[in-house]
Amino acid sequence: MSKKPLGKDKDGIQKVMRFGDYFGDAAGQFALNAISGLVGQLTYFYTDKVGLAAGAVGTAFLIVKILDAFTDLIMGYIVDHTAPGKERYRPWLLRMAIPAAAMIILLFTVPASVSSTLQMVYMFITNFLLTAVIYTAICIPYNSLMVVRTASQQERGNMGTWRAGAGYVAGMVIAVAIIPITNMLGGDQAAWIKFSVVLAVLSALCLLLTWKTSKETNPVMGAENAQSDADEAIPFKDAVVNLFHNKYWVMILIMGLAANITYGLANSAGTYYAKWIYGNDNLVGIQGAVGLIPTVLGFALVGPMIKKLGVTKTLKVSFFIGMAANILRLFNPYDFVYNTVLGCFSTFANIPMMCLLGVLTAMAIDYNEYKFNNRMLASSQAASGFGNKVGNGLGSSLVAWCLAIASYNPLAETVTGGVKQAIFTFNIYVPLILFALMFAISLKFDLEKRLPEIHTEIAQRKAQNK
C-alpha cells in the first residue's frame, strides 16, 4: 500500500519527513546524549568513587576536550572529501555503534589496584577514545544529515525538536536515575559499571535504528543536491577562513559555546549541590523528576513559540527567563523547594537552544552558499562542534577547578565556606553570566529575517547557471 503523499510547508517547499523518519533520526541524538550525560557524571565518579584529585581530573578533562575539538575539524575534512557517488554520513553510524557501546563500559572500569597516576592515564585514554574519536565520528555525520534530509525549514525545526526531546530524555534518565540506582546497587564502582552496561546496549541499538531509517540524500533536491555536496570539497583551511568571515556562524559558535558550558555544568554540578548544600545527594533524583515538568512544557511550547515569535525571538525570551531565574536564586541559595522551582525555569530556558542550535547552524550554512557559493556543510558542523565540545569540557572542568581551588575533600563530614562558594559559582554565578551573554548576542542576530531574500538570490543564481 503506497503512502499518502506529503504536502508542502508554509514556504511552499515539499515535505519529506514522516513520523518514522523523525523517530529514527531522533534515536541517534538519544545515543549521543547518553554518552555526553555519562561523561558529565565522571567528575563525581572519579573524585568520590575512584578517589582521584579534583584538580587533576578537571585539567585532564579540558585537555581531552581541546584534543576532541580538533578531531572534529579532522572529521569534517574527512566527510567533506568523501569520494563522489559514495554515502557520506549514514555509514558512520553503523561503523561506530559497537565501538561506542564498548567504550562506554570501559569508562567506568578504572583499575582499582594500581597507582593514581596509572588511573589518571587510564581515565585520559578512555575519555579521549570515546569523546574525541568515537563520539566525533558519529556526531559530525549525524548533524550533517539534517541539512541533506530536507530543504524545509519547518521540517528542520521539527527534526531539531525531536532530537532535543530524545537527547533530553537521555540526559534526564541519567540525571534522575544514576545516583539513586547506583546507590541502590551498592554505590561503589561496580554499581556504576552495571549502569553503564545498560546505557551502552541501548545507545548501540539507537545508533543502528538511525542508520536503518536515515536517507543519505534529500529527495526534494535530487541530483542537484549531490552536485552541491561535491562542490564542498575545498581545502579545510579555506573553509575555516570562510566560516570566520560569516558573522552569523561566529555568533552561533559563541552562543553554542556558552550553551554547552551551561549543559556541561548542569551535567556535573547538581550532585555536589545536593550532597553539600542540601545534605543528601539522592535529592538529585527528585530534582531531576521535578525537572521533567518544565521539560515537557518546554518541548510542548517551543513549537508554538517558534510559530508565533520565530526562532530568534524564541531564543531571546528563553535566555531572559534563564537570567531572571538565576538572579532570583542569589537571594536564597539554601532552600531546596525555592531553588528547585527556580531550577525549573532554568531548565525551561535551556530547551529552545537545545532544539534550535541545529536550525541556527543550518541557517548559517545557507548563508555560506549565499556569500561563498559553497555550503561547506560538514566543515561548518565540525567547526561548530569544536566550540561545542570545548564548551562542554569547560563546563565539566570548571566544576573540578572550583572544587580544587576550594580544597574540596570528598571524605569530609562537613563542608567549608570556600567549598560552598565554589558550588554556588558553578551552579548559579556562571550560568547567570552565560545566559546574559547569549541574550546579548541574540539581540544582534538578524539572519532569520534575511533568509527569504537570501534563498531567492541563491535560486536566481542557480537558474542563471543552468
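Since the structure is predicted, the reported quantities are computational estimates derived from the model, not experimental observations.

Draft legend 1. Spatial organisation of the overall build of the chain. Across its full length, the chain holds 17 helices and zero strands. A compact globule built from 466 residues should have a C-alpha radius of gyration of about 23 Å, and the chain, at 22 Å, falls within 12% of that. With the C-alpha coordinates of the chain rotated into their principal frame, the extents come out at 75 × 50 × 45 Å. Looking at the chain residue by residue over its 466 residues, the buried ones come to 55%. Restricting to contacts in the chain with at least 6 residues of sequence separation, those with at least 24 account for 82%. As presented, the chain carries roughly 19100 Å² of accessible surface, and 67% of it is formed by carbon and sulfur atoms. Treating the 36 positive side-chain charges of the chain as one cloud and the 26 negative ones as another, the clouds have centres 4 Å apart.

Draft legend 2. Region of interest: the packing of helix α6 (residues 153-184) against helix α14 (residues 336-372). It is at 9 Å that the axes of α6 and α14 come closest, and there the two elements cross at 140 degrees. Between α6 and α14, the crossing angle belongs to the class labelled oblique. As α6 runs across α14, the sense of the crossing is right-handed. Along its contact with α6, which presents Gln 153, Arg 156, Gly 157, Gly 160, Thr 161, Ala 164 and Tyr 168, the element α14 presents Thr 347, Met 354, Cys 355, Val 359, Ala 362, Met 363 and Asp 366. Taken together, the residues of the contact of α6 with α14 sort by class into seven nonpolar, five polar and two charged.

Draft legend 3. The arrangement of a nonpolar patch on the surface in detail. A contiguous nonpolar patch, built from Leu 94, Val 197, Val 201, Leu 205 and Leu 208 and spanning about 390 Å² of accessible area, is present on the exposed surface. No other element matches helix α7 (residues 189-213), which puts four residues into the nonpolar patch. Along the chain, Leu 208 falls in helix α7. For Leu 208, a relative accessible area of 31% puts it in the partly exposed group.

Draft legend 4. View of the nonpolar core. Formed by 128 residues in total, the largest nonpolar core has its most connected members in Tyr 46, Tyr 272, Met 353, Leu 360, Leu 403, Ile 423 and Phe 426. Here this core takes 18 residues from helix α10 (residues 247-278), the largest share from any one element. When neighbours within four sequence positions are excluded, Leu 403 is seen to be in contact with Ala 54, Tyr 272, Tyr 408, Val 419, Ala 422, Ile 423 and Phe 426. Ranked by size, the runner-up nonpolar core spans five residues in total, among them Met 17, Tyr 22, Met 146 and Met 159.

Draft legend 5. Fine view of the state of the cysteines. Applying the stated criterion across every chain yields a total of zero disulfides. We note that Cys 139 lacks a disulfide partner, and the nearest cysteine sulfur, in Cys 206, lies 15 Å from it. Here Cys 355 is not cross-linked by a disulfide; its sulfur's nearest cysteine counterpart is in Cys 139, at 16 Å.

Draft legend 6. Geometry of the packing of aromatic side chains. Tallied over the entire structure, the rule returns 21 aromatic pairs. Seen from their ring centres, Phe 320 and Phe 439 are 6.2 Å apart, and the 55 degrees between their planes marks the pair as tilted. Placement of the pair is Phe 320 in helix α13 (residues 311-329) and Phe 439 in helix α16 (residues 417-442), with a sequence separation of 119 residues. The partly exposed category is assigned to Phe 439, whose relative accessible area is 22%. Taken together, the ring pairs connect Tyr 44, Phe 45, Tyr 46, Phe 108, Trp 192, Tyr 272, Trp 276, Tyr 408 and Phe 426 into an aromatic cluster. A cation over a ring is seen here: Arg 95 above Trp 92, with NZ or CZ 4.5 Å from the ring centre.

Draft legend 7. The arrangement of α7 in detail. A rise of 1.5 Å per residue sets the reference length of α7, with its 25 residues, at 36 Å; its end C-alpha atoms lie 36 Å apart and thus fit the reference within 8%. Gln 189, Ala 191, Trp 192, Phe 195, Ser 196, Leu 199, Ala 200, Ser 203, Ala 204, Cys 206, Leu 207 and Thr 210 are the residues of α7 that are buried. Lining the buried residues of α7 we find α1 (19-40), α2 (42-50), α4 (90-106), α5 (116-149) and α6.

Draft legend 8. Region of interest: the pattern of salt bridges. This structure, assessed with the given rule, holds five salt bridges. Among the ionic pairs, Asp 25 bridges to Arg 163, the shortest N-O distance being 2.7 Å. Taken as a pair, Asp 25 in helix α1 and Arg 163 in helix α6 lie far apart in primary sequence, 138 residues in all. Taking the relative accessible area as the measure of exposure, Asp 25 reaches 1% and is therefore buried. Its relative accessible area of 6% is what places Arg 163 among the buried residues. Across the pair Asp 48 and Lys 275 runs a salt bridge whose closest N-O atoms are separated by 2.7 Å.

Draft legend 9. Representation of the side chain of Asp 366. Mapped onto the fold, Asp 366 is located in helix α14. With a relative accessible area of 8%, Asp 366 lands in the buried category. Polar side-chain contacts of Asp 366 include one of 3.5 Å to the side chain of Arg 156. Polar side-chain contacts of Asp 366 include one of 3.2 Å to the side chain of His 455. Once you skip the residues sitting within four places of it in the chain, Asp 366 turns out to touch Gln 153, Arg 156, Leu 451, Ile 454, His 455 and Ile 458.

Draft legend 10. Spotlight on the confidence of the model for the chain. In the predicted model, the chain carries a mean pLDDT of 84, and the fraction of residues at 70 or more is 92%. When the elements of the chain are averaged for pLDDT, helix α8 (residues 222-230) gives the smallest value, 44, and α13 the largest, 95. Long-range and interchain partners of residues 220-231, a stretch whose pLDDT sits below 50, account for 17 contacts in this model, where long-range means more than four residues apart.

Draft legend 11. Here's a closer look at unusual backbone geometry. A positive phi angle, close to 60 degrees, is found at Asn 373, a residue other than glycine. Within the element layout of this structure, Asn 373 appears in the loop between α14 and α15 (377-405). In this structure, Ser 407 takes a positive phi of about 55 degrees despite not being glycine. Relative to the helices and strands, Ser 407 is located in the loop between α15 and α16. The class for Ser 407 is exposed, based on a relative accessible area of 58%.

Rules and cut-offs
- Residues numbered from 1 in each chain as written.
- Predicted model: local features only at pLDDT ≥ 70, side-chain atom pairs only at ≥ 80, totals over all residues.
- Heavy atoms only, no water.
- Helix = DSSP H or I, 4+ residues; strand = E, 2+ residues; numbered from the N terminus.
- Rg over C-alpha atoms; globule rule 2.2 N^0.38 Å.
- Buried < 20%, exposed > 50% of the residue type's maximum accessible area, 1.4 Å probe, protein only.
- Contact = heavy atoms within 4.5 Å.
- Areas by Shrake-Rupley, 256 points an atom, 1.4 Å probe, with all protein chains shown as cover.
- Lys, Arg positive; Asp, Glu negative; His and termini not counted.
- Charge placed at Lys NZ, Arg CZ, Asp CG, Glu CD.
- Axes fitted to C-alpha atoms, helices over the stretch in contact; angles between N-to-C directions.
- Parallel < 35°, antiparallel > 145°, perpendicular 65-115°, else oblique.
- Left-handed = near helix turned anticlockwise from the far one by under 90°.
- Nonpolar A, V, L, I, M, F, W, Y, C, P; charged D, E, K, R; others polar.
- Patch = residues over 30% accessible without salt bridge, like charges linked within 9 Å, V, L, I, M, F, W, Y side chains within 5 Å.
- Salt bridge = Lys/Arg side-chain N within 4 Å of Asp/Glu carboxyl O.
- Core = buried A, V, L, I, M, F, W, Y, C linked by side-chain atoms within 4.5 Å.
- Disulfide = S-S within 2.5 Å.
- Phe/Tyr/Trp six-rings, centres within 6.5 Å; stacked < 30°, edge-to-face > 60°.
- Lys NZ or Arg CZ within 6 Å of the ring centre and 35° of its normal.
- Expected span 1.5 Å × (residues − 1).
- Polar contact = N/O pair within 3.5 Å; in protein donor to acceptor, adjacent residues only side chain to side chain.
- pLDDT = per-residue confidence, 0-100.

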